[in-house]
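# Chain and residue survey
Next come the chains, spelled out residue by residue.
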Amino acid sequence: ADFDAKKKRKVAEIYQALNSDPIDVATLRRMAISEGGLLTDEIRCKVWPKLLNVNTDDLPPLPAGKELRENSKDYQQVLLDVRRSLRRFPPGMPDDQREGLQEELIDIILHVLKRNPQLHYYQGYHDIVVTFLLVVGDRLATALVEKLSTHHLRDFMDPTMDNTKHILNYLMPIIDQVNPEVHDFMQSAEVGTIFALSWLITWFGHVLSDFRHVVRLYDFFLACHPLMPIYFAAVIVLHREQEVLECECDMASVHHLLSQIPQDLPYESLISKAGDLFVQFPPSELAKEAAQAAQAEQTAASTFKDFELASVQQRPDTVLRQRFRERLRGEERLRGEERTKSILTKPRTNRFVKLAVMGLTVALGAAALAVVKSALEWAPKFELQIFP
């Protein structure tokens, strides 16, 4: 009963923020981040547009799909991906209803690409779009996805994967700040960060089987800085510390372990931790280490070739296994001294002082406010300068 009362209070607070004039977006962000997120799809239909600053009063009508499809260079690829997206629809949904939604999904994607020729389709994009379609319906989904694609997802929609790679380069520095042991183990295994590629570019929509968990994460990500998904990825790895450290220390084993995401994660506490880490180690502080990671990357598992192959074939595992065999031969030579030297001389920040001061679970008081503040200040232009 206590839980119900809490929920009722939260719903009331959300509607109060929606009905205030001007709309209280800061409170909506806080509600989206804090425990339970936005609670219902009905509320999400009202709040998601506010988080993305999309005006719902004059949504453009959707164009006819036929001519979109005839003129799109991406149509065939989108069609294939959408056909393969069966498991993203609720189990038990009648076939004809699902097929109707899949048609809408294709049209939304092609519509956004047509209106924004600077955006390039990538495999996994449909996993994000289908989440919006199922929650808010096609017209609103089109407007939200378009905004998202030109902002949060912008880096994934470049012609190359360079910026996506930059974002993945933030993963190891975050892990290093919290748990140097896990970080150094992963470095020794040379696992790289490609195991988190599909998490990042689909906002975990592709890897989590329970739709409720997916939309809960979308509440969180929509309310936060665009780099929050990479903090969340780090928190998942840190949460699995025991398993990681007990794993064979080689690329194939660690990659296999990490790319299988457990379905019973404690989402609320992980969301809260990700928020905390963002506040303690904001992207600007990690930028230098991320740049160093990029330079050291010739020997790691995420060189550009891998990305290109993985993105073409969308089967990072097979690519990795091939590379793994080639690498083992070539790399014993490189490894030795250089490796040890860089690990031993790496400056550790006064991490522990910092963590102690923060108190590890600021939960969502101070953290939420800081995240909210940085989300409001964030602009895509600024973000690009952070990336060296």
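Residues numbered from 1 in each chain as written. Predicted model: local features only at pLDDT ≥ 70, side-chain atom pairs only at ≥ 80, totals over all residues. Heavy atoms only, no water.

Orientation of helix α7 (residues 125-136) relative to helix α13 (residues 211-223), taken along the N-to-C sense of each, is 100 degrees, at an axis distance of 11 Å. Here α7 is positioned roughly perpendicular relative to α13, judged by the angle of their axes. Residues D127, I128, T131, F132, L134 and V135 of α7 touch α13, and the partners they reach there are F211, V214, V215, Y218 and L222. Across the contact of α7 with α13, the residue classes tally to nine nonpolar, one polar and one charged. (Axes fitted to C-alpha atoms, helices over the stretch in contact; angles between N-to-C directions. Helix = DSSP H or I, 4+ residues; strand = E, 2+ residues; numbered from the N terminus. Parallel < 35°, antiparallel > 145°, perpendicular 65-115°, else oblique. Contact = heavy atoms within 4.5 Å. Nonpolar A, V, L, I, M, F, W, Y, C, P; charged D, E, K, R; others polar.)

Attention shifts here to the pattern of salt bridges. All told, the structure shown has 17 salt bridges when counted by the stated rule. Residue D74 is joined to K73 by a salt bridge in which the shortest nitrogen-to-oxygen separation is 3.3 Å. Exposure remark for D74: the relative accessible area of 14% places this residue in the buried category. For R98, the salt bridge is made with D95, and the minimal N-O distance between the two is 3.3 Å. With a gap of three residues between them, R98 and D95 both fall in helix α6 (residues 95-115), about one helical turn apart. (Salt bridge = Lys/Arg side-chain N within 4 Å of Asp/Glu carboxyl O. Buried < 20%, exposed > 50% of the residue type's maximum accessible area, 1.4 Å probe, protein only.)

Looking now at unusual backbone geometry. Note that the residue after D21, namely P22, is joined by a cis bond; omega there is 0 degrees. Residue position: P22 is located in the loop between α1 (2-19) and α2 (25-33). In this structure, W203 is a non-glycine residue whose phi angle is positive, near 50 degrees. Among the structural elements, W203 can be located in the loop between α12 (197-201) and α13. Look at W203 and you get buried, because its relative accessible area is 2%. The phi torsion at F204 lies on the positive side, around 70 degrees, for a residue other than glycine. Following the sequence through the fold, F204 ends up in the loop between α12 and α13. On the basis of relative accessible area, F204 is assigned to the buried category, the value being 0%.

Now for the environment of S269. With respect to the helices, strands and loops of the structure, S269 is situated in helix α17 (residues 267-280). S269 gets classed as partly exposed once you look at its relative accessible area, which sits at 34%. It is 8.6 Å that separates the C-alpha atoms of S269 and E35, two residues lying 234 residues apart in sequence.

Per the UniProt annotation, the sites labelled "transmembrane region" (unreviewed entry) are residues 191-208, 220-238 and 352-372. Secondary structure over residues 191-208 splits into 28% helix and 0% strand, and the C-alpha atoms at its two ends are 22 Å apart. For the annotated span residues 220-238, helix accounts for 79% and strand for 0% of the residues, and the straight-line distance between the end C-alpha atoms is 19 Å. (UniProt positions renumbered as here; feature names shortened; annotations may be inferred.)

Inspection of every chain in the model, using the stated rule, returns 14 aromatic pairs. Among the aromatic side chains, those forming a connected cluster through ring pairs are W48, F132, F195, W199, W203, F204, Y218, F220, F221 and F232. (Phe/Tyr/Trp six-rings, centres within 6.5 Å; stacked < 30°, edge-to-face > 60°.)

Along the chain, the position of P229 falls in helix α14 (residues 228-239). Distance in space between the C-alpha atoms of P229 and I167 is 9.7 Å, their sequence separation being 62 residues. If we skip the residues at most four places from it in the chain, P229 touches L200, W203, F204 and F221.

A few words on the packing of α6 against helix α8 (residues 138-150). Direction vectors running N to C along α6 and α8 enclose 40 degrees, while the axes themselves pass 10 Å from each other. When the axis of α6 is compared with that of α8, the two are oblique. Two packed elements cross with a definite hand, and for α6 against α8 that hand is right-handed. Residues E104, I108, H111, V112 and R115 of α6 form the contact with α8, whose participating residues are D138, A141, T142, V145, E146 and S149. Of the residues contributing to the contact of α6 with α8, the split by class is four nonpolar, three polar and four charged. (Left-handed = near helix turned anticlockwise from the far one by under 90°.)

Take the nonpolar core next. Ranked by internal contacts, the top residues of the largest apolar core, which has 111 residues, are W48, F204 and F232. With 10 residues, α14 is the largest single contributor of residues to this core. Two domains share this core, each providing at least three of its residues, namely domain 1 (1-153) and domain 2 (161-313). With residues near it in sequence (within four places) discarded, F204 still touches W199, V214, L217, F221, P229, F232, A233, I236 and I261. (Core = buried A, V, L, I, M, F, W, Y, C linked by side-chain atoms within 4.5 Å. Domains from an automatic or database assignment.)

Turning to α17, a few remarks are in order. The end-to-end C-alpha distance of α17, which contains 14 residues, comes to 20 Å, matching closely the 20 Å that a straight helix rising 1.5 Å per residue would cover. For α17, a buried count of 10 out of 14 residues is recorded, marking the element as mostly surrounded by other parts of the structure. (Expected span 1.5 Å × (residues − 1).)

Turning our attention to the environment of R69. Inspection of the secondary structure assignment puts R69 in helix α4 (residues 65-70). For R69, a relative accessible area of 16% puts it in the buried group. For the pair R69 and L110, spaced 41 residues apart in sequence, the C-alpha separation works out to 7.3 Å. Excluding residues within four positions of it along the chain, R69 makes contact with Y75, E103, I106, D107 and L110. Among the polar contacts made by the side chain of R69, one reaches the side chain of D107 at a distance of 3.1 Å. (Polar contact = N/O pair within 3.5 Å; in protein donor to acceptor, adjacent residues only side chain to side chain.)

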